[in-house]
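Spelled out, the chains give:
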Amino acid sequence: MKTKLTLTIEKSVIEKAKEFAGNSGKSLSDLVERYLEKEIAEAELQQANIPEEFKGLFGSVNLPAELNEKEAIREILSQKHSR
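Keep in mind it's a predicted model, so treat the numbers as computed, not measured.

**Looking at the confidence of the model for the protein chain**
Moving on, step 1. Averaged over the protein chain, the pLDDT score is 85; the fraction of residues at 70 or greater is 94%.
Moving on, step 2. Within the protein chain, the element-level pLDDT minimum falls on helix α3 (residues 52-55), averaging 74, and the maximum on helix α1 (residues 11-24), averaging 93.

**What about the environment of Leu 28?**
Moving on, step 1. On the secondary structure map, Leu 28 appears in helix α2 (residues 28-47).
Moving on, step 2. Given the relative accessible area of 28%, Leu 28 is considered partly exposed.
Moving on, step 3. Once residues within four sequence positions are removed from consideration, Leu 28 is found in contact with Ala 17, Lys 18 and Ala 21.

**Things to note about the pattern of salt bridges**
Moving on, step 1. Applying the stated criterion across every chain, the model contains three salt bridges.
Moving on, step 2. One salt bridge in this structure joins Lys 38 and Glu 42, with 3.5 Å as the shortest N-O distance. Taken together, the residues span about one helical turn, with Lys 38 and Glu 42 both in helix α2 at a distance of four residues.

**Overview of α2**
Along an α-helix, residues three or four positions apart point the same way, because every turn accommodates 3.6 residues.
Moving on, step 1. Counted at 1.5 Å a residue, the expected span for α2 with its 20 residues is 28 Å, and the 29 Å between its end C-alpha atoms agrees.
Moving on, step 2. For α2, the set of buried residues is Leu 31, Ala 41 and Leu 45. Seen end-on, α2 carries its buried residues on one side only, within an arc spanning 100 degrees. Exposed and facing more than 90 degrees away from the buried side of α2 are Ser 29, Gln 46 and Gln 47.

**A word on the environment of Ala 21**
Moving on, step 1. With respect to the helices and strands, Ala 21 occurs in helix α1.
Moving on, step 2. On the basis of relative accessible area, Ala 21 is assigned to the buried category, the value being 3%.
Moving on, step 3. When the C-alpha positions of Ala 21 and Phe 54 are compared, they lie 30 Å apart, and in sequence the two are 33 residues distant.
Moving on, step 4. Apart from residues lying up to four places away in sequence, Ala 21 is in contact with Lys 26, Ser 27, Leu 28 and Leu 31.

Cut-off values and rules
Residues numbered from 1 in each chain as written. Predicted model: local features only at pLDDT ≥ 70, side-chain atom pairs only at ≥ 80, totals over all residues. Heavy atoms only, no water. pLDDT = per-residue confidence, 0-100. Helix = DSSP H or I, 4+ residues; strand = E, 2+ residues; numbered from the N terminus. Buried < 20%, exposed > 50% of the residue type's maximum accessible area, 1.4 Å probe, protein only. Contact = heavy atoms within 4.5 Å. Salt bridge = Lys/Arg side-chain N within 4 Å of Asp/Glu carboxyl O. Expected span 1.5 Å × (residues − 1). Arc of directions from axis to C-beta.

Laid out in structure tokens, this is it:
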């Protein structure tokens with residue numbers, strides 16, 4: 001469910017962000033949402049017990065929204081170590 005949010009941001013940043021969004025074919029709302037999702041996911045990764053070599057891969061690929069990354073990594077590591 002989408003909900004309206006009011007933000008207070010420096011005017012010059014808003015202008016640059018709107019231009020960037022327009023040039024990338026996305027809305028400013030989409031850019032802000034994707035940025036927040038990325039920041040939250042990175043924070044969750046830092047808190048998770050995932051080896052450092054995997055953390056650097058975060059953000060390299062766009063994965064399906066329904067994918068549970070932590071469970072997928074656990075399954076891959078489990079398969080790797082059960083050989």
